[in-house]
Amino acid sequence: MQPRKIIIDTDPGQDDAVAILLALASPEQIEVLGITCVAGNVPLALTARNARMVCELAGRPDIPVFAGCDRPLGRALVTAEHVHGKTGLDGPSLPEPQMPLQSQHAVDFIIDTVRSHPPGTITLCPLGPLTNIATALARAPDIAPRLQEIVLMGGAYFEVGNITPAAEFNIYVDPQAAQAVFAAGVPLVVMPLDVTHKALVTAERNAAFRNLGTPVGIAVAQMTEFFERYDREKYGSLGAPLHDPCVTAYLLAPHLFSGRHVNVEIETTSELTMGMTVADWWRVTDRPANATFMGQIDADGFFALLTQRLARL
Ligand code: BDR
Ligand code: CA
């Protein structure tokens, strides 16, 4: 089978970095056509820098990396240095990237790529706020029916929120963009906190990364060590949640995940619950299903896959 063609839209972020590494470690199943960066965990200049550092860490300076939107559609940017550190990629000490940033805007790259490939062959993998994706869909509505799928990390139902009591970070930062993406009629797979808070880097799993003994294994151990302190203090959890790698793992091994095809709407007006993903998990409305909202993960299977693939880099 031909590898699945994807564009990773991202705001690295240590967990974004691991998601990218997992994709680049799996070329027989995934072809990364490009990485598009967005403002999120840290401002755009840093996410565009960090994405290139991750490509170089993986030995893939040939992957085109694009900078996209530097702020949400209708709100001021909210960042998450309190989780990811000042650079967004605190933990390992990685060299400044040598590979260039592409001159094309990320949104134009997304539009051109989808238009120039046969319908149904491109999957978008958003790992940050949905600003680039919503902007591409608004500017070029013809790309929506041409997409194979959008597989994204964002939202929560049972876990409710992490940046506010009601909202998950990626959706909260740009709720209007999220609303546009969830209404676009594109097949959607959503990895919410309900799943990603079960993908925890325990001490044992961290040791497995480190014991790979490679620059990638050691960097991943250092990254997850850095950002676990936040979740340990806040939730008392066993280690860092690998939010974004759930997206890549789904492309590689969808059987590791289960969920429900339900209606999901985004709160865009109430300040109190801004960015909440109102998932009709119990199907109590007649609103049409627009997303496969995941709820469960086989965490041992996920970490086995991740460690085994990272060993290849
Ligand atoms: C999401 O927000 C970011 O901090 C992470 O990279 C992830 O994409 C989790 O809420
Ligand atoms: Ca992210």
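Quick look at the structure, then. Predicted, not measured: the structure shown is a model, and the values here were computed from it. (Residues numbered from 1 in each chain as written. Chains lettered and ligands numbered in written order. Predicted model: local features only at pLDDT ≥ 70, side-chain atom pairs only at ≥ 80, totals over all residues. Heavy atoms only, no water.)

A closer look at the overall build of the chain
- Within the chain, the secondary structure is distributed over 12 helices and 12 strands.
- For a compact globule of 313 residues, the expected C-alpha radius of gyration is about 20 Å, and the chain comes in at 18 Å, within 12% of that figure.
- Projected onto its principal axes, the C-alpha coordinates of the chain cover approximately 50 × 45 × 40 Å.
- Within the chain, the fraction of its 313 residues that count as buried is 60%. (Helix = DSSP H or I, 4+ residues; strand = E, 2+ residues; numbered from the N terminus. Rg over C-alpha atoms; globule rule 2.2 N^0.38 Å. Buried < 20%, exposed > 50% of the residue type's maximum accessible area, 1.4 Å probe, protein only.)

Looking at the site of ligand 1
- Asp15, Asp16, Asn41, His84, Leu127, Met153, Asn162, Glu168, Phe169, Asn170, His243 and Asp244 make up every residue found near ligand 1.
- Contact distances for ligand 1 include 2.7 Å between an oxygen atom and a side-chain N or O atom of His84.
- Taking Asn162, its side chain carries an N or O atom lying 2.9 Å from an oxygen atom of ligand 1.
- For the shell around ligand 1, the per-class residue count stands at 3 nonpolar, 5 polar and 4 charged. (Near = heavy atom within 4 Å. Polar contact = N/O pair within 3.5 Å; in protein donor to acceptor, adjacent residues only side chain to side chain. Nonpolar A, V, L, I, M, F, W, Y, C, P; charged D, E, K, R; others polar.)

Let's talk about the sheet that holds strand S5 (residues 147-153)
- Spatially, 8 strands are ordered S3-S2-S1-S4-S5-S6-S12-S9 in an open sheet, and the strand pairing comes out mixed. Each end of this open sheet is capped by a strand with a single partner; those strands are strand S3 (65-67) and strand S9 (257-262). Sheet twist, expressed as the mean angle between neighbouring strand axes with direction ignored, is 25°.
- Two strands pair when backbone bridges link them, and strand S2 (residues 30-37) and S3 are joined in this way by 3 bridges, in the parallel orientation. Residue Ile35 lies in a different strand from S3, and its bridge partner there is Val65. (Pairing = 2+ DSSP bridges. Axes fitted to C-alpha atoms, helices over the stretch in contact; angles between N-to-C directions.)

Structural notes on the side chain of His84
- Along the chain, His84 falls in helix H3 (residues 81-84).
- Within the structure, His84 has its side chain in polar contact with the side chain of Gln14 (distance 2.7 Å).
- With sequence-adjacent residues up to four places away left out, His84 is seen in contact with Gly13, Gln14, Asp15, Asn41, Leu89, Asp90, Phe226 and Phe227. (Contact = heavy atoms within 4.5 Å.)

Thoughts on the coordination of the calcium ion (ligand 2)
- Within the protein, Asp11 (OD), Asp16 (OD), Asp16 (OD), Leu127 (O) and Asp244 (OD) serve as the donor atoms for the calcium ion (ligand 2), at 2.2 to 2.6 Å.
- When the donors of the calcium ion (ligand 2) are listed by position in the chain, the intervening gaps give D-x4-D-x110-L-x116-D. With respect to class, Asp11 is no different from Asp16; both count as buried. (Donors = N, O, S within 2.8 Å, 3.2 Å for Na, K, Ca; no water.)

Quick look at helix H11 (residues 245-252)
- For H11, a buried count of 8 out of 8 residues is recorded, marking the element as mostly surrounded by other parts of the structure.
- Listing the buried residues of H11 in full gives Pro245, Cys246, Val247, Thr248, Ala249, Tyr250, Leu251 and Leu252.

Structural notes on unusual backbone geometry
- Of the consecutive residues Pro12 and Gly13, the connecting peptide bond is found in the cis state with omega at -5°.
- Locating Gly13 in the fold gives a position in the loop between strand S1 (4-10) and helix H1 (14-24).
- The phi dihedral of Val160 is positive, around 60°, even though this residue is not glycine.
- Tracing the backbone shows Val160 in the loop between S5 and helix H6 (169-173).
- Of note in this structure, Arg283 is not a glycine but carries a positive phi near 50°.
- Of note, Arg283 is situated in the loop between strand S11 (277-279) and strand S12 (291-297).
- Of the residues examined, Arg283 reaches a relative accessible area of 52% and is grouped as exposed.

Some remarks on the packing of aromatic side chains
- Scanning the entire structure with this criterion turns up 8 aromatic pairs.
- Ring geometry for Tyr250 and Phe257: centres 6.2 Å apart, planes at 65°, overall edge-to-face. Neither residue differs from the other here; Tyr250 and Phe257 are each classed as buried. (Phe/Tyr/Trp six-rings, centres within 6.5 Å; stacked < 30°, edge-to-face > 60°.)

Looking at the packing of helix H9 (residues 203-210) against helix H10 (residues 215-235)
- Where H9 meets H10, the closest approach of the two axes is 7 Å, and the angle between their N-to-C directions is 150°. Taken together, the axes of H9 and H10 lie roughly antiparallel to each other. Between H9 and H10, the residues in contact are Asn206, Phe209 and Arg210 and Gly217, Ile218, Val220, Ala221, Gln222, Thr224 and Glu225, respectively.
- Residue composition of the contact of H9 with H10, grouped by class: 4 nonpolar, 4 polar and 2 charged. (Parallel < 35°, antiparallel > 145°, perpendicular 65-115°, else oblique.)

Comments concerning a nonpolar patch on the surface
- A contiguous nonpolar surface patch, about 380 Å² in accessible area, is contributed by Phe158, Trp282 and Val284.
- Positionally, Phe158 belongs in the loop between S5 and H6. (Patch = residues over 30% accessible without salt bridge, like charges linked within 9 Å, V, L, I, M, F, W, Y side chains within 5 Å. Areas by Shrake-Rupley, 256 points an atom, 1.4 Å probe, with all protein chains shown as cover. Salt bridge = Lys/Arg side-chain N within 4 Å of Asp/Glu carboxyl O.)

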